[in-house]
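# Breakdown of the fold
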Amino acid sequence: DERPAIATIELAGVKEFEKDQILKSLRDVGLADGRIYDRSLLERAEQELRRQYLSRGLYGVQIKTTVTPIERNRVNISIQVEEGDIAKIRSIEFTGNQLFSERTLRSNMELSTPNWLSWYTKDDQYSKQKLTGDLEALRSFYQNRGYLEFNVESTQVSISPDKEDVFITVNVVEGPRYTVSAVNVLGDLVVPEAEIRRLIRLRPGDSFSRSNLQASVKDISERMGIDGYAFANVN
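Residues numbered from 1 in each chain as written. Predicted model: local features only at pLDDT ≥ 70, side-chain atom pairs only at ≥ 80, totals over all residues. Heavy atoms only, no water.

## Comments concerning the overall build of the chain
- In terms of regular secondary structure, the chain is built from 7 helices and 6 strands.
- When the helices and strands of the chain are placed in sequence order, the string is β-α-α-β-β-β-α-α-α-β-β-α-α.
- With the C-alpha coordinates aligned to their principal axes, the bounding extent of the chain is approximately 80 × 45 × 30 Å.
- Within the span of the chain, comprising 235 residues, buried residues form 35% of the whole.
- Look at the contacts in the chain between residues 6 or more apart in sequence, and 58% of them connect residues 24 or more apart. (Helix = DSSP H or I, 4+ residues; strand = E, 2+ residues; numbered from the N terminus. Buried < 20%, exposed > 50% of the residue type's maximum accessible area, 1.4 Å probe, protein only. Contact = heavy atoms within 4.5 Å.)

Spelled out as structure tokens, the structure:
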């Protein structure tokens, strides 16, 4: 028997994403008006859509697909979504931190437990993307204070049985603190070394700071650009 063609694809209940965005993603995997219907592709698309909702903290999402045969060996596909509520963060805890308190570390994160401003900032709504950004912010916080070997060993995100509360645990290794022993300037010094050194924001005896190092590289590159070295490489 010949497989039926897809007549229409209808979406209902989608608010978190643009419908055109979802239809495009379906088209990319082979599900679109006029294409041949394949149940396995539809199931794969449903799993991917569910994954996208979970990444935004909508753990209670319900997705139902209905395939209705119509005349001339065609089918209509209906995707009904009940998004539910975004899960709220109930706790953010740390293990392995000895140098800085949990309160200090949480202050460097965008995600937060509910507070009086959460209705506006929505910082208590869990998102995988936000958590990834927060972990990078923690890394910068430590490395700007000399802890070059700081590492986030793991994160655990657990969800309550009713899928409304999220509990986050971050396991960190702080490592030793590094200070600057010496600052050497090497390479093609087309700008006087004394002038380059004035642009370096790290001095012997300072705690190492990655942000100061990056700012120094930027300033030296811009200074060399003034003299026409537009493609100077500062490492």
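## Examining the sheet that holds strand β1 (residues 5–12)
- With mixed pairing, 3 strands are arranged side by side in an open sheet as β1-β3-β2. Two strands in the sheet have a free side with no partner beyond their single neighbour: β1 and β2 (62–70). Taken over all neighbouring pairs, the strand axes of this sheet differ in orientation by 15° on average, direction set aside.
- Here helix α1 (residues 19–28) sits on the sheet and contacts β1 and β3 (74–82); the angle it forms with β1, its principal contact strand, is near 145°.
- In the packing of helix α2 (residues 39–55) onto the sheet, the strands contacted are β2 and β3, and the crossing angle to β2 comes to about 155°. (Pairing = 2+ DSSP bridges. Axes fitted to C-alpha atoms, helices over the stretch in contact; angles between N-to-C directions.)

## Details of the sheet that holds strand β5 (residues 151–159)
- Spatially, β4-β6-β5 is the arrangement adopted by the 3 strands of the open sheet, whose pairing is mixed. Every interior strand has two partners, whereas the edge strands, β4 (88–95) and β5, have only one. Strand-to-strand twist of the sheet, defined as the mean angle between neighbouring strand axes without regard to direction, takes the value 15°.
- Both β4 and strand β6 (residues 165–173) contribute to a ladder of 7 bridges, which runs parallel.

## Quick word on helix α5 (residues 128–143)
- Compared with an ideal rise of 1.5 Å per residue, which puts 16 residues at 22 Å, α5 spans 23 Å between its outermost C-alpha atoms and is within 8% of the ideal.
- If you follow the buried residues of α5, they end up packed against β4, α3 (102–106), β5, β6 and α7 (210–226). (Expected span 1.5 Å × (residues − 1).)

## Describing the packing of aromatic side chains
- Enumeration over the complete set of coordinates arrives at 8 aromatic pairs.
- Both rings, one in Y59 and one in Y126, keep their centres 6.2 Å apart while their planes meet at 25°; by these two values the pair is stacked. Here Y59, found in the loop between α2 and β2, pairs with Y126, found in the loop between α4 (118–121) and α5; they are 67 residues apart in sequence, far enough to count as distant.
- Classification of Y126 as buried rests on a relative accessible area of 6%.
- Ring geometry for Y142 against Y147: centres 5.9 Å apart, planes inclined by 80°, an arrangement best described as edge-to-face.
- Linked through ring pairs, F100, F141, Y142, Y147 and F150 together constitute an aromatic cluster. (Phe/Tyr/Trp six-rings, centres within 6.5 Å; stacked < 30°, edge-to-face > 60°.)

## Concerning the nonpolar core
- One finds Y126 and I168 to be the most contacted residues of the largest nonpolar core, which totals 22 residues.
- Counting residues per element, the ones that place at least two in this core are β4, α5 and β6.
- Beyond its immediate sequence surroundings of up to four residues, I168 is in contact with I89, S91, I92, E93, L111, Y126, L131, Q156 and V157.
- Ranked by size, the runner-up nonpolar core spans 21 residues in total, among them I6, L11, F17 and I77. (Core = buried A, V, L, I, M, F, W, Y, C linked by side-chain atoms within 4.5 Å.)

## Observations regarding the pattern of salt bridges
- A full pass over the atoms with the stated rule returns 16 salt bridges.
- In this structure, R50 and E46 form a salt bridge, with 3.2 Å as the shortest nitrogen-oxygen distance. Within this pair, R50 and its partner E46 are both found in helix α2, separated by 4 residues, close to a single helical turn.
- Using a relative accessible area of 18% as the deciding quantity, one classes E46 as buried.
- For E195, the salt bridge is made with R223, and the minimal N-O distance between the two is 2.4 Å. Placement of the pair is E195 in helix α6 (residues 193–199) and R223 in helix α7, with a sequence separation of 28 residues.
- Residue R223 is classed as buried on the basis of its relative accessible area of 17%.
- One continuous salt-bridge network, built from bridges that share partners, spans E195, R223 and D227. (Salt bridge = Lys/Arg side-chain N within 4 Å of Asp/Glu carboxyl O.)

## Focus: the layout of surface pockets
- Here the largest pocket defines a volume of roughly 580 Å³.
- Around the largest pocket, the lining comprises 26 residues; the ones closest to its centre are N184, V185, I220, V234 and N235.
- For the lining of the largest pocket, the per-class residue count stands at 18 nonpolar, 7 polar and 1 charged.
- Estimates place the volume of the second largest pocket at around 250 Å³. (1 Å grid on protein atoms, 1.4 Å probe; cavity = no way out; pocket = protein on both sides within 12 Å on 5 of 7 lines; lining within 4 Å. Points joined across faces, edges and corners; volume = space filled by probe spheres on them. Nonpolar A, V, L, I, M, F, W, Y, C, P; charged D, E, K, R; others polar.)

Structural measurements only, silent on function.
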